[in-house]
Every structure is written in structure tokens, then in C-alpha cells.
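Observations on chain architecture
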2 protein chains.
Amino acid sequence: MPHTRLDLDRIRAARQVIDPRFLDTPLYECDALGRRLGCTVSVKLETANPVRSFKGRGTELVAGRLTGQGRAAAVCASAGNLGQALGWSGRRRGLDVTVVASRRAPAAKLDRIRALGAELELVEGDFETARERAASIARRRGVRLVEDSLDIETCEGAATIGLELASGASPFDVVLIALGGGAMATGVGHVMKTLLPAVEVICVQPLGAPAMTRSWHERRVVTTESTDTIADGVAGRYPIPVVLDDLLEVTDDAVLVQEASIIAGMRMLLEHAGLVVEPSAALGVAAVLEDRDRFAGRHVVTIVCGSNVDLDAYHRWVRA
Amino acid sequence: MPHTRLDLDRIRAARQVIDPRFLDTPLYECDALGRRLGCTVSVKLETANPVRSFKGRGTELVAGRLTGQGRAAAVCASAGNLGQALGWSGRRRGLDVTVVASRRAPAAKLDRIRALGAELELVEGDFETARERAASIARRRGVRLVEDSLDIETCEGAATIGLELASGASPFDVVLIALGGGAMATGVGHVMKTLLPAVEVICVQPLGAPAMTRSWHERRVVTTESTDTIADGVAGRYPIPVVLDDLLEVTDDAVLVQEASIIAGMRMLLEHAGLVVEPSAALGVAAVLEDRDRFAGRHVVTIVCGSNVDLDAYHRWVRA
């Protein structure tokens, strides 16, 4: 039993709070993709829901908790997907949501945050600047700051993906998880190590945003000066210490992949699975492409975690 | 209670036979799409499974029945999706599957049929030529001919989509169903008229392949000399009489849409829902585009029934 901040009973209970539209997502083998990658590939698809990413699982718990406490407002920093998800969960519950994002975030994500009725504040700088600004707004207004990966609900929400993997029809050997702040990797990893300890849990991060992966390998928080990746959803620079502690408990490896592999992954998911995905969602396929021998003949599950992509950029990437 | 060849208890029992990967598919509101169409739009997504279309629901029943009877082989004509699905269901059960298809069917569909280990026989001519050829192979070899829409299992399989719509969280006003041979429309329609009689059931067919829709309006079988549509999945010319009888019982309208609307529908599903779909799966959105007043302000469910598309053609369509 791994020692993390997570707890299996709480994760199971979370399923009762999360809107069913975010639960029991498709999990299926993709023959065409597997043939090209030299292994058996199953896709866990987290894009077929109202916010097109897995983040709704966590924000449902956050928003449920807040309204249960009689809170009327919340603020979060977001690379784009958390903001949409919190906007969606907040709108359903009459919670005023403010999202702080980088002006450089994909326009599609920013537009959809606004469309959900959330207040959107844009900052110069990157996601870490947005985090600082969100914290300052929360202090000034006295409203709850929702912090991805630090707030246990965001990890528990993501962990429900793990429950679904564990109850799937086919056994598998490896799960590949996009690594950003760490909520998804710690959540899913906790469930794997508890229910399916033989499954290898591998986090995947872009070489251009390696802070958490470097921290994992050095077993201490390592920050970076900047990020340089198209995978905007996972481009943080300041890992959260307690999240790193959890991550070290429940993951077997953390690997870095090149931008070219992320693009090749997006292209393969389109061509062989008919899926439009954002760069972060192609990290798993990218990891297989960079180390085919490691995965040869094994059954690999990759979590396709989001599809909020600017189409013009997407077309440039996949058609290049 | 509608009088068709279908029966609710049998449809419910079908869920026990169909592989879970084809069941309980995503059903979710798509805000961005709804805003553009002037109505509330929910997507029932039938593409996130091993064969990328809804046809697996029916072939699971067919193949289960055949192996239960000790049969070792089956043959079907297919526009491409039935063949893949029967190939998949047959492979799991050790059933030899032969698929007859038109040489003009999308290469992606034909490649995937072969990759599943099915024997593929190509004919000059269209889907109706393939049907004749499949019947002759079945007679010659003494194996079971699987006939889409005529075989009750294909309708019952599709009807399980209706059960899932009926148990969905949100009430809705209209369901839009792609109309080809009629299995999906009669199956889903039967469940709607039984469990949700207030829901308007509308079939949508391309103007370039109008045989079943014309038959519906004239209440007798009308055939056509040829078809001319990119929606290869629904391009039949010879409606089956008993299927027409059922269709008349359980559907409220049958409409025809132009090719330009199908293309616009595919483009909107990509841009506002992040979904790659084959032309047949865009028929519902096309119907809304051609008659916005009819759907204004209503809650419309559209069944996104397949995503097996040749990407080169797809790119030409959506980027034009």
C-alpha cells in the first residue's frame, strides 16, 4: 500500500460526487496504432465530455466541496483545461469562478473559459506567473484558491481514472501518464500501486518543460528558468514538494520526450485512431516512439487527457 | 408501444452479449457546437471503440448467435463499417469472416477489414453489387449471410444506443439518426417510441442517396438507379421492405441533406467538438444547418456513428 496523501476509499467515494459525464470513459484497444508502435495499445479517452479534458473529474470534487461549505466563489490559475473544467463545474453550482491564465495560452482554451461564464484574467508571462497572480487575487478577495495537484480533490478526481483502468476488461502492463503538476500521475499511480501493483507506471513530460521529471530523478524539487514546449498543458516550472513526495511513491519512472516525438504522436493518433488531441495527450505515444524496445510486445495504456487545441496550430503540426 | 420486429426485452438482454467496449458510450452536451447551431446539442459518440463505429453492437450479437449455433463462418456485404465490426467480433470468437465490398469504398475501411484477418472480396459497382455477390458466396459455400438491417441482431444492437439515450442524465427533444439500410433508425426509434415517446425521431439521409427516405415518404419501397454522395456508409439503393415497415412505425420524419451541408457538418464537428468523423456521422449536424428554425432552442441529440474516413479526402473536405 503506497503512502501518499491519497486514500482508496475517498477515491471510490469521489465517483458519487463527479458528474457521470466525466466517468467511465472509453478504454479500448487500438489495433492500427498498436501495429505501428510494435505493442498492444489501449486508449483511455478523456476528451469526450463537455470540457474535452480529464480535469472535470477533479473540479467536480472541488466545486462540490466549496458549495457544500457555502462558498460562493473560487479562483484558479490554469494553463487552460483546469479553468474550463472549474468554469463548467462552477456554473452548474452557482459558484463564481475566476481563472487566471497566460496570455500565451491557446486561444481555443481561453475562448471556452469565457464561454462558460468564468471571469478570465490574462497575465504576461507563463503559467507560474498566473499561479502567483491567482494567489494574490484569492488573498485580496478572500476567496478559495484552487491549486491543481496541491488540492487533494484534483488528485482524487484524476485517480478515478485509475479505478476505471483497474476494472477494465483486459490486463495491461504499462500505463503512460502525461506529467505536469502531478495530479494525474499521483492519482492514477496511487490506484495502480494499490490495486494493480504489477503495472508499470511511467510519467511522460516534454524535454522542454522538465522540472518535475528532473525533480523525480533527483528526489528533490528542481525548478527551471523557463519552458519551451508546444505541450502547454504540462509546462510548469515549480514542482510542489508534497506532490513530488507522492509521485516518488507511486510511479516507476519519469521520462522526457522531444517536441518532434510529441508531434509524431499527435499525427499517429489522428491517422491511426481518428483522434484529435492536444500535445499533452500525445506524450504517451511519444514515449513509445522514443523507446520502442522498452515497450515491444507489451500492453500499454495511454491516457488521452485532452483535445483543446488551436486548430490552425494543430494542422501545422500534423501536416508538416 | 410500436409494432415492429423489435422487442424491448430482447434489446435489454442484448447488453449482456455485447462486449462492454461498445456499450455506454459518451453522451454529452457540446456547448461550442450548440452556440453555432442555435440549439442545445448533445453528442452520442460511437467512434471511441476498436472499430470506430456503432456497428460492433450488432455484430457482437450476430457473431455470438452464430458461434452459439456452432457455425464456423459468415459472409456479409459492407460499405466498410459492418465488415470491420464483423471482422472484429468474428476474430474474437474464431469465426471465419468474408466481407464483400465495393472497390470504391474508402481505402481506410478496406485496410482495416483486412487487418482484422477477414477475407476481403472487392467488386466493381456499388454496395448493391456487393450485396448480390455476398448472397451468392453464402449460397455457394453454405455459410450464413449477415444482412445489415434485415438481420434483427443488427437492429437490436443499434437499439442499445436507444437504451443509453433513455437512461441519460438530461432530457432531450429530438434525436437525429443517419439513415442507410435502417438498422440504427429502427433500433433507436423503437426504443424512443417505447420509453421516450415525446422525443422526435428524425432520420437523415444524403440527397445523393435518397432511396429509403423517398420510400418513407411514399410509404412503399422506392429504389434508385445510382447514388452520388461522399457519405459512403449510407449509400444504398434498394430498401428492404420489412425494414421500411418498421421505420414507418418508429420515426417521425426523414429528411434529405445536401453534400455541402454534410461537409459543413464535418467541419463544425472538428472545429467545435474536436471530433474527426466520417460523412455519415455528420448527417445530423447537416440537418440542423439546413433547417435551423425547426431546431431552434431545442435539445437535439446527434449520434456520431463512425469515424472511418480516408484522411486525405477528409482534409480536402474540412479545409476547403
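Basis of the calculations
Here the residue numbers are simple positions, counted from 1 along each chain's written sequence. A letter from A marks each chain and a number from 1 marks each ligand, given out in the order of writing. Where local features are concerned, this predicted model is filtered to residues with pLDDT of at least 70; where side-chain atom pairs are given and counted, the filter is 80 or more; whole-chain, interface and lining totals use all residues. Think of the side-chain values as coming from all heavy atoms in the structure, minus any hydrogens and water. Using only the protein atoms, space was sampled on a 1 Å grid; points where a 1.4 Å probe fits but cannot get out form cavities, open sets with protein on both sides within 12 Å along at least five of seven lines form pockets, and lining residues are those with an atom within 4 Å of a point. Grid points are joined across faces, edges and corners, and a volume is the space filled by probe spheres set on the points. A run of DSSP states H or I qualifies as a helix once it reaches four residues; a run of E qualifies as a strand once it reaches two. Both are numbered from the N-terminal end. Any two residues having at least one pair of non-hydrogen atoms within 4.5 Å are treated as being in contact. Put simply, buried area is the surface a 1.4 Å probe can reach on two separate parts but cannot reach once they are joined, added for both. Between Lys or Arg on one side and Asp or Glu on the other, a salt bridge is scored when a side-chain nitrogen of the former is within 4 Å of a carboxyl oxygen of the latter. Side-chain atoms alone can form a polar contact between residues adjacent in sequence; in general such a contact is a pair of N or O atoms within 3.5 Å, and within protein one must be able to donate a hydrogen while the other accepts it. Under the scheme applied here, a residue whose accessible area is under 20% of the maximum for its type counts as buried, over 50% as exposed, and between as partly exposed, the area being computed with a 1.4 Å probe on protein chains only. When the copies are overlaid, the least-squares fit takes in C-alpha atoms only where the residue has pLDDT of at least 70 in both copies. Any helix carries an expected span of 1.5 Å times its number of residues minus one. Centre distance within 6.5 Å is the pairing criterion for rings of Phe, Tyr and Trp, where only the six-membered ring of Trp is used; planes under 30 degrees apart are then read as stacked, over 60 as edge-to-face, and the remainder as tilted. Domain segmentation is taken from an automatic or database assignment of domains. Three classes are used: nonpolar for Ala, Val, Leu, Ile, Met, Phe, Trp, Tyr, Cys and Pro, charged for Asp, Glu, Lys and Arg, and polar for all others, with Gly counted as polar.

Per the stated rule, a full pass over the model turns up seven cavities of 30 Å³ or more. The volume enclosed by the largest cavity comes to roughly 160 Å³. As for the largest cavity, its lining consists of 17 residues, and the residues nearest its centre are Pro50, Gln84 and Arg112 of chain A together with Asp31 and Ala32 of chain B. It is helix α2 (residues 31-37) of chain B that provides the largest number of residues to the lining of the largest cavity, a total of three residues.

Moving on, we get to the interface of chain B and chain A. Listed as interface residues are 27 residues of chain B and, on the opposing side, 27 residues of chain A. Taken together, both faces of the contact between chain B and chain A bury some 2400 Å²; the carbon and sulfur share is 56%. Where chain B touches chain A, the interface holds two salt bridges. Among the salt bridges present, the one from arginine 91 of chain B reaches aspartate 31 of chain A, with a minimum N-O distance of 3.0 Å. Between chain B and chain A we count two residue pairs in polar contact (both at pLDDT 80 or more) in total.

A few words on unusual backbone geometry. Where the residue is not glycine, phi is negative for most of them; where a peptide bond is considered, it is trans in most cases. For arginine 52 of chain A, which is not glycine, the phi torsion reads 60° and is therefore positive. Arginine 52 of chain A sits in the buried class, given a relative accessible area of 6%. Unusually for a residue other than glycine, aspartate 24 of chain B sits at a positive phi of about 50°. Structurally, aspartate 24 of chain B can be placed in the loop between α1 (8-14) and β1 (27-29).

Residue and element names in this part refer to chain A. On the secondary structure map, serine 89 appears in helix α4 (residues 81-93). A polar contact of 2.6 Å, which involves the side chain of serine 89, links it to the side chain of glutamate 60. Setting aside its immediate chain neighbours within four residues, serine 89 contacts Gly56, Thr59, Glu60 and Ala63.

Let us now look at the relation of the copies chain B and chain A. The transformation that overlays chain B on chain A combines an axial shift of 0.0 Å with a rotation of 180°, and the residual RMSD is 0.0 Å. Overall, the copies show the geometry of a two-fold rotation axis.

Time to look at helix α6 (residues 127-141) of chain A. Residue and element names in this part refer to chain A. With 15 residues, α6 extends 21 Å between its outermost C-alpha atoms, agreeing within 8% with the 21 Å of an ideal straight helix rising 1.5 Å per residue. Along α6, the residues classified as buried are Glu128, Ala130, Ala134, Ala135, Ile137 and Ala138. On its buried side, α6 packs onto β3 (73-77), β4 (96-102), β5 (119-123) and β6 (144-146). A distance of 3.0 Å separates the backbone nitrogen of glutamate 128 from a side-chain oxygen at the start of α6, and that oxygen is part of aspartate 126. Glycine 142 sits one or two positions beyond α6 and adopts a positive phi of about 70°.

Moving on to the packing of aromatic side chains. All names here are of chain A. Enumeration over the complete set of coordinates arrives at two aromatic pairs over all chains. On the numbers, 5.0 Å between centres and 90° between planes, the contact of phenylalanine 22 with tryptophan 88 is edge-to-face. With phenylalanine 22 in the loop between α1 (8-14) and β1 (27-29) and tryptophan 88 in helix α4, the pair connects residues that are 66 residues apart, well separated along the chain. What makes tryptophan 88 buried here is its relative accessible area of 6%.

Quick look at the domain arrangement of chain A now. Residue and element names in this part refer to chain A. Once the domains are mapped, chain A shows domain 1 (8-52 + 152-319) and domain 2 (55-146). Look at where the C-alpha atoms of domain 1 and domain 2 centre, and you get two points 22 Å apart. Between domain 1 and domain 2, roughly 2400 Å² of surface is buried when both sides are summed, and carbon and sulfur atoms account for 52% of that area. Interface area lost by domain 1 to domain 2 is led by Val51, Glu153 and Asn308, which between them contribute 26%. Inspection of the domain 1/domain 2 interface yields eight salt bridges. Taken together, the elements giving at least two residues each to the side of domain 1 that touches domain 2 come down to α1 and α7 (152-166). Of all the elements, α7 adds the most residues to the side of domain 1 that touches domain 2, at eight residues. Residues that form the side of domain 1 that touches domain 2 fall into these classes: 13 nonpolar, seven polar and 14 charged.

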